[in-house]
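Here's the letter readout for the chains.
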Amino acid sequence: RSELIPFLTDSLDDEDEILLAVAEELAKFVPLVGGPSHAHTILPPLETLAQVEETVVREKAAESLRAVCEEMSQSSTEQYFVPLIKRLSTGDWFAARASACGLYAVAYSKVSPSVQTDLRAQFGLLCRDDTPMVRRAAAGSLGNVAKHATAEVVKSDLLPV
């Protein structure tokens, strides 16, 4: 985790097929980096991959990010994964924002109510993004986010977006 992950992070400017394979394999690295308590070390290269132009690489990176988050504790999710979502959500390029849309549901169910409120607000901004591809990604993820929210929250916060 101290050498391979930084090396991978720095070496992510290869062909799309290689990037796709790296994104797929990183989801399996949690046991290799020391288990769930060190799962956050896998996030930087996946965050980079979630911002690439090629759609299949971005989608695989988001899938791997969701798998890694599933293994993270609540505190690690709040400390490492939620800031990653916020960085992607405020990225300059649409690819990062589109990838972020698919990460909200997995994090939402694992964080405290105050963080859930912040995530809903940020997700609402993506639903109203200027870029149609980001809005489409947010619309596609809305149902998954709603599954993890209470009926009251769905009515008050999610349906209006």
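You'll find the structure just up there.
Draft legend 1. Structural view of the pattern of salt bridges. If you walk through the whole model with that rule in mind, you get 4 salt bridges. E47 serves as the salt-bridge partner of R87, at 2.8 Å between the closest nitrogen and oxygen. Of this pair, R87 sits in helix α5 (residues 74–89) while E47 is found in helix α3 (residues 43–49), placing the two residues 40 residues apart along the sequence. Judged by relative accessible area, which is 43%, R87 ranks as partly exposed. Residue classification places E47 among the buried residues on the basis of a relative accessible area of 12%. Among the ionic pairs, R97 bridges to D129, the shortest N-O distance being 2.8 Å. Of this pair, R97 sits in helix α6 (residues 94–101) while D129 sits in the loop between α8 (113–127) and α9 (132–147); the two residues are 32 residues apart in sequence, bridging distant segments of the chain. The same class applies to R97 and to D129, which are both buried.

Draft legend 2. Focus on the state of the cysteines. Overall, the coordinates contain 0 disulfides when judged by the stated rule. Here C101 stays free of any disulfide, with the sulfur of C127 as its closest cysteine sulfur at 7.0 Å. Judged by its relative accessible area of 1%, C101 is buried.

Draft legend 3. Summary view of the packing of α5 against α8. Look at α5 against α8: their axes get within 10 Å of each other, and the N-to-C directions meet at 20°. It follows from the interaxial angle that α5 and α8 lie roughly parallel. With respect to the hand of their crossing, α5 and α8 are arranged in left-handed fashion. Across from E78, V82, I85, K86 and S89 in α5, the residues of α8 making contact are V115, D118, L119, Q122 and L126. Within the contact of α5 with α8, the residues separate by chemical class into 5 nonpolar, 2 polar and 3 charged.

What counts and what doesn't
- Per chain, residue numbering runs from 1 following the sequence as it is written.
- A pLDDT threshold of at least 70 governs which residues receive local features in this predicted model, and a stricter bar of 80 or more applies before side-chain atom pairs are shown or counted, although totals over entire chains, interfaces and linings include all residues.
- Only heavy atoms go into the side-chain values, all of them from the structure, while hydrogens and water stay out.
- What counts as a salt bridge is simple: a side-chain nitrogen of Lys or Arg found within 4 Å of a carboxyl oxygen of Asp or Glu.
- A helix here means a DSSP run of H or I that spans at least four residues, while a strand means a run of E at least two residues long, and both kinds are numbered starting from the N terminus.
- Accessible area is worked out with a 1.4 Å probe on protein chains only. A residue is then buried under 20% of its type maximum, exposed over 50%, and partly exposed in between.
- Cysteine sulfur pairs qualify as disulfides if the two atoms are within 2.5 Å.
- In this analysis an axis means a line fitted to C-alpha atoms, helices contributing only their contacting stretch, and an angle means the value between N-to-C directions, from 0 to 180 degrees.
- Any angle that falls under 35 degrees is termed roughly parallel, while one over 145 is termed roughly antiparallel, one within 65 to 115 roughly perpendicular, and all others oblique.
- Throughout, a crossing is termed right-handed when the near helix is turned clockwise from the far one, and left-handed when it is turned anticlockwise from it by less than a right angle.
- Should any heavy atoms of two residues lie within 4.5 Å, those residues are counted as being in contact.
- Asp, Glu, Lys and Arg are counted as charged, while Ala, Val, Leu, Ile, Met, Phe, Trp, Tyr, Cys and Pro are counted as nonpolar; the rest, among them Gly, fall into the polar class.

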